[in-house]
Every structure is written in structure tokens, then in C-alpha cells.
Amino acid sequence: MSVVAVVGAQWGDEGKGRIIDLLAAKARLVVRYQGGSNAGHTVINPFGTFRLHLVPAGIFNPDVVCIVGNGVVVDPTVLLAEIDELAAHGVGVANLFLSDRAHVVMPYHAILDRLEEEARGDQRIGTTGRGIGPAYVDKVLRVGIRMVDLLDPATLRAKLKTVVALKNQLLTRIYGAPPVDGDAIFEEYRAYGARLARHVADTGAMLQRGVARGENVILEGGQGTLLDLDHGTYPYVTASSPTAGGSCAGAGIGPTRLDRALGVFKAYVTRVGAGPFPTELTGTAGEALRERGSEYGATTGRPRRCGWFDAVLARYSAQLNGFDAVAITKLDVLDEEPAIRICTGYRLDGRVVDTVPASLAEFSRCEPIYEEMPGWRRPTGHVRAIADLPVEAQRYVARLGELIGCPVELVSVGCSREQIIVLGEVFG
Ligand code: IMP
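Residues numbered from 1 in each chain as written. Predicted model: local features only at pLDDT ≥ 70, side-chain atom pairs only at ≥ 80, totals over all residues. Heavy atoms only, no water.

## Let's talk about the site of the ligand
So, point 1. Residues in close proximity to the ligand total 16 residues, the closest being Asp13, Asn38, Thr128, Thr238 and Arg302.
So, point 2. A distance of 3.2 Å separates an oxygen atom of the ligand from a polar atom in the backbone of valine 272.
So, point 3. Bound to the protein, the ligand loses 96% of the 470 Å² it would expose on its own.
So, point 4. Residues of the shell around the ligand, tallied by class, amount to six nonpolar, eight polar and two charged. (Near = heavy atom within 4 Å. Polar contact = N/O pair within 3.5 Å; in protein donor to acceptor, adjacent residues only side chain to side chain. Areas by Shrake-Rupley, 256 points an atom, 1.4 Å probe, with all protein chains shown as cover. Nonpolar A, V, L, I, M, F, W, Y, C, P; charged D, E, K, R; others polar.)

This is the structure:
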């Protein structure tokens, strides 16, 4: 019985949702620990195809208690739409709980997200526009609205009075934008509180009880390590900590209770939004990978930038998170490649480096040093055992494990639940 953090190891979109949907069969609790509706976890299972933004990917298993943890910022409009969509597909949400301490994404956050991006001009981050950064800013400013406040009209009204005055100064004086209507926001969000009230709970206490009973727990990350506010490619990052370290604070659990960290890597790399990407493939090679992998943002529909596996970043991610094991997803997307490249180092101003520079200017100048492996040029979507993969594919997976420095426990060869090769027991 163990507590396992399932962490995005690259720039997000690694396929955490499909891995968690699978692992949830053996879990009792799944706790999302950071981010908000900027995430888009695609899950394809017998219930249908879903793009989950806030609801944990364990929701399809009726025995699993799903928690949206204190570290998440919750947009009630997105959450309610998601709950309705799940219900329309026959998926119940009686076991869905929201931390009373989670912060709420308010209408002025999305407006500010857009205005701040415009103001950055050619230095824009390429955010998802969901108001996530501004919601975390308010948390840090200590003017955030929390889920618990939505259940208490007097507190909500008092807090909104202060924060709306502040935001309207910003909107009108700095950005020349129209003000927001505090009374209308109060009525709208009080109603959301009433609708969500039965899901709001002290989820930290629920988690503690689960851990004390020795249940299997999954801590579900959003985004990925390279988008981490501290350790990612700053400033082209998200506003939270998707790393395994962040999972403890965002779920409400002590680091000594975390048993394992599973890193989820795509067999190649993608990135949405701006920022350096040393192994990016431009032109037709990148387009081919994007089409084969359906690499379009689950939240914004934006085309994802695609490139070869970067083992420098992968090792950085593995060390930072302390991964015990890894899952490699979307191996089948490489089925048609005649030759596959892996970046094992960078050339930076005439030197060879195998670490990730903090300086964005230096990271932008890093040129990948590649090793090349032969492709397998055969379909793999039907394979369920590692020994049945073409030998070139087996070697590629083994090489990734070696470079990352962790055992590979899962390999996915397609989107459906059964398209998975299991090499190890994630719950130990
Ligand atoms: P934000 O999280 O909307 O503030 O966006 C900041 C950066 O994180 C942008 O580059 C986004 O494209 C990226 N980002 C945010 N969420 C995701 C995700 O779930 N997958 C991939 N990229 C993401």
C-alpha cells in the first residue's frame, strides 16, 4: 500500500490522465495537487473520450475518492461544466471532493490574464488564458477567494468588496479596461457555492485518514516539471509547482508519507506556448509528428510544438523529482520514423554541457547533440508485452530508461486503456 505522485516530467501533455485512469483501478484516493483548468487530461475509456481540466482522472472508477486539493485553483464554471458532461456520460461524481482551502478562479483573473499577455508584447508567455497565473497571484497577495468563502455569503461579500475595488483600479487605470461588477460576481459565485457545497470538504483530513488506513493513494500532477515556477524554464512557466515536491504542499501531506514518484514522459517532447525548446522539429518533420500524435492542446486547441526526446532535460527532471520509476507514453507515434534521435547533451558557445542553464539566453543558444537509433517502422499499437515489441523499439525504451536513470514500469502504445505494456508494479 503506498502513496504515489504521478508527475509530468516534461512540458505537460505527457499523458498523465491516461496513466492515472489506468492506475486508479488499484487506488482508493486520487488527489489533484496543483494547477487549474489550464490542464487538459485526455482520457479515453469505455465511458467515452474526455478532456478533464479539474476533475481527477480517477473519477471513472466508482470506488475511488477523487479530491481536488488545496493547491489547485478552481474555476467553478469549468468544474460545473465538467461535472455535467461526466453525468451525461453516466459517470457519477458522488465521490468528488473539493478542498475548502482551494482558491477560486474569478472572472477578473481571466480578464487580467489576457490583458497582462497583451502588455508583454513579444515577450508574451503564451498562457492558456484561463486566469491561472492571476489567481495564484491573488493567493500570494492574500486577497484570494477560497472555496470555503463561497459557502459563507457574508464573508464572500466582504472579501469581494476589497478585492473588486483593487482589481477595478488595475483594470481601469492601468489597462484602460471596463470595471467588473462586484454585485453580479457575488450573486453568481454564491450560486456556484450553493451548487458545489456538497462536494466541499476538509480534504486534507480525508487524505490523512486514507493514509493512516494504508490505502493506495495517487497524487495527480497537472502540467509538467519544465513548467514548474521554480525549476522550469522561467519565465515561460506556469504559476504553480507540478513537481513531486509540490505534491505534498498541494495535497496536504508530509513528505515522509510519499512512497514513490512516477515520472510520465512522452517518447518524444512537446511544448505549448512560448519559450526555448532545443530539440524542436520545425517544418514537415515537426508537422508529421504533430499529426501522428494528434498534438493539439486539450485546453486551447493550439498546435503543440514537437521535437525529439531530450535526455538532458529528462535527467534534470528525474533528479529534481526523485523519480523511482517512469512511464513512457505514445511510443506508437514513432512507429513510422526511419531513424529516431535522442539529445544527450548541448553545445553551448563551443562547450559541451549536460545541465540546464538558468539563463534563458544561454538555454536559447543550446544546440542539441544527438545520438541516433534505427526506427522499427512497424505498428506497435497491438503489443501488450515488452518482448513483443520490435527489437529496435525495445532498445529505444531501454535507452530512454538508461538515460533518465530510472526503471521503465509502463509503456503506452495507444490511447485506449488496454494499449499498455506493464513492466513493473507502480504501487510497490
Ligand atoms: P498558464 O498556466 O495558463 O499561466 O500558462 C503558462 C504556460 O504553461 C504556457 O506556456 C502554457 O501553454 C503552459 N501550460 C499550462 N498548462 C498546460 C498544460 O496542461 N499542458 C501544457 N502546457 C501548459
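What follows continues from the structure just given.
## Points about the layout of surface pockets
Once rolled over the atoms, a probe with the size of a water molecule shows which space is left empty.
So, point 1. If you add up the space inside the second largest pocket, you get close to 200 Å³.
So, point 2. If you go around the second largest pocket, you meet 15 residues; those closest to its centre are Gly71, Lys139, Ser240, Ser241 and Ala249.
So, point 3. Going through the elements one at a time, α4 (132–141) and α9 (244–251) are the ones with two or more residues in the lining of the second largest pocket.
So, point 4. The dominant element in the lining of the second largest pocket, judged by the number of residues it contributes, is α9, at four residues.
So, point 5. Looking at the lining of the second largest pocket, its residues break down into five nonpolar, eight polar and two charged. (1 Å grid on protein atoms, 1.4 Å probe; cavity = no way out; pocket = protein on both sides within 12 Å on 5 of 7 lines; lining within 4 Å. Points joined across faces, edges and corners; volume = space filled by probe spheres on them. Helix = DSSP H or I, 4+ residues; strand = E, 2+ residues; numbered from the N terminus.)

## Notes on the sheet that holds strand β20 (residues 420–422)
Strands in a sheet are paired, the pairing made by backbone hydrogen bonds, and the direction either parallel or antiparallel.
So, point 1. The strand order β9-β7-β5-β2-β10-β1-β11-β15-β19-β20 describes an open sheet built from ten strands, whose pairing is mixed. Since the sheet does not close on itself, it has two edges, and those belong to β9 (200–201) and β20, each with one partner. (Pairing = 2+ DSSP bridges.)

## Description of a nonpolar patch on the surface
So, point 1. Taken together, Val137, Leu141 and Leu166 make up a surface patch of nonpolar side chains, about 260 Å² in accessible area.
So, point 2. Secondary-structure assignment places leucine 166 in helix α6 (residues 153–174). (Patch = residues over 30% accessible without salt bridge, like charges linked within 9 Å, V, L, I, M, F, W, Y side chains within 5 Å. Salt bridge = Lys/Arg side-chain N within 4 Å of Asp/Glu carboxyl O.)

## Things to note about helix α2 (residues 76–88)
So, point 1. Helix length check: α2 (13 residues) gives 18 Å between terminal C-alpha atoms against 18 Å at 1.5 Å per residue, within 8%.
So, point 2. Where α2 is buried, its residues meet β4 (48–52), β6 (73–74), β7 (96–99), β8 (103–104), α5 (147–150) and α7 (182–196).
So, point 3. Count one or two residues on from α2 and you reach glycine 90, which has phi positive near 80°. (Expected span 1.5 Å × (residues − 1). Contact = heavy atoms within 4.5 Å.)

## Thoughts on the domain arrangement of the protein
So, point 1. Its domain assignment divides the protein into domain 1 (3–100 + 200–262), domain 2 (103–196) and domain 3 (265–422).
So, point 2. Domain 1 and domain 3 are separated by 23 Å when their C-alpha centres are compared.
So, point 3. Residue-level contacts link 38 residues of domain 1 with 39 residues of domain 3.
So, point 4. Around 3100 Å² of area is buried between domain 1 and domain 3 when both sides are counted, 60% of it from carbon and sulfur atoms.
So, point 5. With a shortest N-O distance of 3.3 Å, arginine 304 and aspartate 13 are connected by a salt bridge.
So, point 6. Run the count over domain 1 and domain 3 and you get 20 residue pairs in polar contact (both at pLDDT 80 or more).
So, point 7. For the side of domain 1 that touches domain 3, the secondary structure elements donating two or more residues are α1 (16–23), β3 (41–45) and β11 (260–266).
So, point 8. Counting residues per element, the side of domain 1 that touches domain 3 draws most heavily on α1, which supplies five residues. (Domains from an automatic or database assignment. Buried area = accessible area lost by both parts, 1.4 Å probe.)

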